[in-house]
Amino acid sequence: PAPHLQSYKNRAAKHSNPAARALLRCMEAKKSNLAVSVDVTTTKDFFDIIEAVAPYVCLIKTHVDILEDWNPGVTTRLQHLSREHNFLIFEDRKFADIGNTVALQYSSGLYKISSWAHIVNAHPVPGPSIITGLASVGMKLQEERGLLLLAEMSTKGALTIGSYTVEAVRMAREHRDFVIGFIAQHRMESIGLSGTDDVVDEDFLILAPGVGLDSKGDAMGQQYRTPTEVVTQCGCDVIIVGRGIIGIGRDIDAEKVKEQARRYQTAGWEAYEKRIVT
Ligand code: 5BU
C-alpha cells in the first residue's frame, strides 16, 4: 500500500533515513503528528511555549533568526529539551541559493544550523545543486539529518504549482538518501504523480503548514485548512500549527497554549487514524 495508508510505526521500521525514522518513531510513541511553529521574538516566550507544548508534539519548528535575544545557549537548551521530551527540531530556514552558499548558511554563521536542527527545508528553485550543497554538510555528520523540499506553499497565489511541484518531486527522487519529504499541501499521489515511476519503496513525509481549526486565513495571504482536510483527505503526515496554538496576543498564556496543543494533537491523530489501513 501507498505510504499514507500505512501506520507511522510500519513506516518507521522501513525508512532508510535516520531523521525520518526518528520522526516516525516519535510520532508513533507520542501519538502525535503535530508540529508547533514557535514564531515569537523573545527567548522567554520561545521556551515558555516549547515547555508547554512539548508533551503533545513530535516536532518543534523554529525560525531562529526572529529571536531578538538569540545566543548560542538557546540552541543548546533546545537540544536538551528535544532529548528530554522526545521531539525533533525543524529549522524552517527555506534555503534558496547556490550549493556553495547554502552549505555555508547551513553549517556556519551565527546559527550553525546543521549542528542542532534535525530537519531543514529548501526551495527547489535553484535546481538539484541545492540538495547536493546541503547534503555535503548534513550527510557528513554522524547525526539524524534530513531535508524537506518546498513543493507547495500555503499562501494565496503561490507560484509552487503545476510543473514546479512535479519537478520538485523528481529532484527529491534523485536524492532519497537526504531528502525525506516535502512541505506541501497534498500528498503527491493526490496531485497526479503516482504510478508514473517505478519506485515502490519510496516514502516521502509530507509536512503541511497552513493548519487552523478556528480561522480560514490571516490578512497577509495565509490560508488555513483543518487537520481532517490536511491529513485524512489530502494525505499529509504532519500538521504544522503556529498561531492556532501559540495565539496572536502579546502575552503567552501557557495554560491556553497547552490546551490548544492538546486539541490539535487529538484532531491530527484522529484524522490519521481515519486514513490508515495497515
Ligand atoms: P501559522 O501561524 O500557523 O500561520 O504559521 C505557519 C508557519 O509555517 C510559519 O512559521 C510560516 O513561516 C510557515 N509556513 C507557512 O505558513 N506556509 C508555507 O507554505 C511554508 C511555511 Br513553506
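Under the annotation held in an unreviewed UniProt entry, the chain carries the name Orotidine 5'-phosphate decarboxylase and is attributed to Pisolithus tinctorius Marx 270. The annotation that UniProt attaches to the chain under Pathway (unreviewed entry) is "Pyrimidine metabolism; UMP biosynthesis via de novo pathway; UMP from orotate: step 2/2."

**Student:** Mind showing me how you'd approach the sheet that holds strand 4 (residues 119-122) here?
**Tutor:** Across a sheet, strands are paired by hydrogen bonds formed along the backbone, either parallel or antiparallel in direction. Here 8 strands make up a closed barrel; going around it, the order is 1-2-3-4-5-6-7-8 and the pairing parallel. Direction aside, the axes of adjacent strands within the sheet are offset by 25 degrees on average. Relative to strand 3 (residues 88-95), strand 2 (residues 59-62) runs parallel, the two sharing 4 bridges. In the strand pairing of strand 3, Ile60 is matched with Ile89. Sheet strands touched by helix 10 (residues 254-273): strand 1 (34-37) and strand 8 (238-241). Its angle to strand 1, the strand with the most contacts, is close to 145 degrees.

**Student:** What is the right way to read the site of the ligand from this model?
**Tutor:** Contacts to the ligand come from 17 residues, most closely from Met153, Ser154, Pro209, Gly242 and Arg243. Sorting the residues of the shell around the ligand by element identifies strand 8 and helix 9 (243-246) as the ones contributing at least two each. Residues belonging to the shell around the ligand are distributed by class as follows: 6 nonpolar, 8 polar and 3 charged.

**Student:** Mind showing me how you'd approach the pairing of strand 3 here?
**Tutor:** Put simply, side chains in a regular strand alternate between the two faces of the sheet. The element strand 3 is largely enclosed, with a buried count of 7 among its 8 residues. Bridging between strand 3 and strand 4 involves 3 bridges; their strand directions are parallel. Within the sheet, the bridge partner assigned to Phe90 lies in strand 4 and is Ile119.

**Student:** I tried to follow the UniProt feature "binding site: substrate" (unreviewed entry) in the chain on my own but got confused; where do I start?
**Tutor:** Per the UniProt record, the feature "binding site: substrate" (unreviewed entry) sits at Asp39, Lys61, Ser154, Gln222, Gly242 and Arg243. With respect to the helices, strands and loops of the structure, Asp39 is situated in the loop between strand 1 and helix 3 (43-53). Those residues in contact with Asp39 that sit more than four places away from it in its chain are His63, Ile66 and Gly242. Counting through the fold element by element, Gln222 comes out in the loop between strand 7 (205-208) and helix 8 (227-233). Using a count of 18 C-beta atoms within 10 Å as the deciding quantity, one classes Gln222 as partly exposed. Apart from residues lying up to four places away in sequence, Gln222 is in contact with Ser154, Thr155, Gly210 and Gly217.

**Student:** How should I be thinking about unusual backbone geometry in this particular structure?
**Tutor:** The phi angle of most residues is negative, glycine excepted, and most peptide bonds adopt the trans form. At Lys31, a position not held by glycine, the phi torsion is positive, near 45 degrees. Of note, Lys31 is situated in the loop between helix 2 (18-30) and strand 1. What makes Lys31 partly exposed here is the crowd of 16 C-beta atoms within 10 Å. The phi dihedral of Lys112 falls on the positive side, at around 40 degrees, and the residue is not glycine.

**Student:** What exactly am I supposed to notice about the packing of helix 3 against helix 10 here?
**Tutor:** Following both chains from N to C, one finds helix 3 and helix 10 inclined at 45 degrees, their axes separated by 8 Å at the closest point. In terms of orientation, helix 3 and helix 10 fall into the oblique class. As for how helix 3 packs across helix 10, the hand of that crossing is right-handed. Between helix 3 and helix 10, the contacting residues are Asp48, Ile49, Ala52 and Val53 on the first element and Ala254, Val257, Lys258 and Ala261 on the second.

**Student:** I'm lost on the UniProt feature "active site" (unreviewed entry) in the chain in this one. Help?
**Tutor:** Cross-referencing UniProt, the feature "active site" (unreviewed entry) maps to Asp92, Lys94 and Asp97 in the present numbering. By secondary structure assignment, the location of Asp92 is in strand 3. With residues up to four places along the chain from it excluded, the contact list for Asp92 reads Lys61, Thr62, His63 and Asn121. Here Lys94 lies in strand 3. Beyond its immediate sequence surroundings of up to four residues, Lys94 is in contact with Asn121, Ala122, His123 and Leu150.

Thresholds applied
- Residues numbered from 1 in each chain as written.
- Predicted model: local features only at pLDDT ≥ 70, side-chain atom pairs only at ≥ 80, totals over all residues.
- UniProt positions renumbered as here; feature names shortened; annotations may be inferred.
- Pairing = 2+ DSSP bridges.
- Helix = DSSP H or I, 4+ residues; strand = E, 2+ residues; numbered from the N terminus.
- Axes fitted to C-alpha atoms, helices over the stretch in contact; angles between N-to-C directions.
- Contact = placed C-beta atoms within 7 Å.
- Near = placed C-beta within 6 Å.
- Nonpolar A, V, L, I, M, F, W, Y, C, P; charged D, E, K, R; others polar.
- Buried ≥ 20, exposed ≤ 12 C-beta atoms within 10 Å, placed from the backbone.
- Parallel < 35°, antiparallel > 145°, perpendicular 65-115°, else oblique.
- Left-handed = near helix turned anticlockwise from the far one by under 90°.

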